[in-house]
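Architecture at a glance
What follows is the residue order along each chain.
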Amino acid sequence: MRACLCCVVLGFLACVGFSAQSVEPVIAQWHLEPFWDQGIMQGESLFFLEPPSGGLATAPLLFTPTAIHALVHPPTGAIFEEGRDYTVDTKSKLLTLTPDSRIPHTTRAEFEPPLGKTGQRYKDGSRDILFENTVRFHMLQVEVSYNHNPTEWTSMKGPNPRPSPKLLPAVMKKLGNKEPLTICLLGDSISAGLNASSTSDTPPRMPPYGTLVARALEERFGSVVDYTNFSISGKATPWGIEQVAAVAEKKPDLVLIAFGMNDASGKMSPETYRNNTEAIMAGIRAIHLATEFVLVTTMRGNDDWIHTATERYPQYRDALVTLQQPGVAVADLTAFWTTLLAHKKFADITGNGVNHPNDFGHRIY
């Protein structure tokens, strides 16, 4: 399956009039569970790409597989077979396509289109980056499920978040008593849900991370969660300050603040980014004093993209950590992406090629 087939699929979707959110989003139990401290990986995304020197397309696994259970193409439901469609090198954690594989894959020429083809350039200006903001990456990626050693994430020095109830005492009290909880999400296109498969109206139609957070809390604690997403694509922290009154009107128990990608692309200083985030919290608390916060540090953008400010992401994360205190927690997504990109390609975990997560990425969020 090459990019030309994706064009056919995109044309078909347009002709039959598919619209975002026309089908109810689907949440599986494993969408809500952490993968890093278990012995099974479910739904890890792979992007099979031809090596720079040519040859059969490959894709890396995050962990060393002890048994592969399934490799599927969610948009079509196609199931692929080891030996028939791909081979496994457990030492390198690499899957390689067979010469007559039925698995979607991308040639190097398709992956590095000529200048002006997609409108998103490499930093050196020599060519464009493979980019598309609706279904193309869903069509080019597959998902794999397999067993692995549950201690491998620790050996990779991956982040291992643990509950920190003392940071959100009011929220935890409500959850502990099974009381209703009001949550608001304020952020950019990632938080708006772009490139989650439900937003793209593409199987498996998994919702974006905000909805997963709300559902997970309901299932884990038994509280009813009233969830509102204020996020809008293209926005940054200055816009977030302008939304204070609208968010506070909901009288939220918890607000997730998730900016950084666009602030970084705009070369905002870490100090200004921190001050803006602090101003959002102060503005909301001036209207509704009881609100607690989770500050979500951003994923990393594609390091090859002209608008990626690679050095900013850890600086922004460190700036947010200085705001952590009782009533304010920090969720460090930057550390997760740093670990992931040490073992996988950006194309494996992106939904658009430059700055959005795919379903696997939304699950991590």
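For the structure itself, consult the block above.
The notes below deal with the structure included here. (Residues numbered from 1 in each chain as written. Predicted model: local features only at pLDDT ≥ 70, side-chain atom pairs only at ≥ 80, totals over all residues. Heavy atoms only, no water.)

1. Side note on the nonpolar core
Ranked by internal contacts, the top residues of the largest apolar core, which has 75 residues, are Phe35, Leu46, Phe48, Leu62, Leu71, Leu295 and Trp337. Among all residues touching leucine 295, those that are not within four sequence positions of it are Ile257, Thr277, Met281, Leu320, Leu323, Val328, Ala329, Val330 and Ala331. Grouped together as the second largest cluster of nonpolar side chains are 12 residues, Leu49, Leu130, Ala347 and Val354 included. (Core = buried A, V, L, I, M, F, W, Y, C linked by side-chain atoms within 4.5 Å. Buried < 20%, exposed > 50% of the residue type's maximum accessible area, 1.4 Å probe, protein only. Contact = heavy atoms within 4.5 Å.)

2. Overview of the side chain of lysine 93
Among the secondary structure elements, lysine 93 is positioned in the loop between strand E5 (86-89) and strand E6 (94-97). Residue classification places lysine 93 among the buried residues on the basis of a relative accessible area of 13%. If we skip the residues at most four places from it in the chain, lysine 93 touches Ala59, Pro60, Leu61, Leu62, Phe63, Thr64, Glu152 and His343. (Helix = DSSP H or I, 4+ residues; strand = E, 2+ residues; numbered from the N terminus.)

3. Quick look at the pairing of strand E11 (residues 292-296)
Counting buried positions over the five residues of E11 gives five, a clear majority of the element. The pairing of strand E10 (residues 254-258) with E11 spans four bridges and is parallel. Paired with leucine 256 across the strands is valine 294, a residue of E11. Two strands pair when backbone bridges link them, and E11 and strand E12 (residues 328-331) are joined in this way by four bridges, in the parallel orientation. Along E12, the bridge assignment pairs valine 294 with alanine 329. Taken together, E11, helix H12 (residues 312-321) and E12 form a β-α-β motif whose crossover is right-handed. (Pairing = 2+ DSSP bridges. Right-handed = clockwise from strand over helix to strand, strands pointing away.)

4. Let's talk about unusual backbone geometry
Geometrically, the link from proline 203 to proline 204 is a cis peptide bond, its omega value of 10° lying close to zero. Note that proline 204 resides in the loop between helix H6 (189-192) and helix H7 (209-221). Its identity as a non-glycine residue notwithstanding, lysine 157 has a phi of 60°, on the positive side. By the element assignment, lysine 157 lies in the loop between helix H4 (152-155) and helix H5 (169-176). The exposure class of lysine 157 is exposed, given its relative accessible area of 73%. Even without being a glycine, lysine 267 presents a positive backbone phi close to 60°.

5. Regarding the sheet that holds strand E4 (residues 78-80)
Spatial strand order, E1-E7-E3-E4: four strands in an open sheet with antiparallel pairing. Each end of this open sheet is capped by a strand with a single partner; those strands are strand E1 (40-47) and E4. On average, each strand axis in the sheet is inclined to that of its neighbour by 30°, with strand direction left out of account. With six bridges joining them, E1 and strand E7 (residues 141-148) adopt antiparallel strand pairing. The residue of E7 that forms the bridge with phenylalanine 47 is glutamine 141. (Axes fitted to C-alpha atoms, helices over the stretch in contact; angles between N-to-C directions.)

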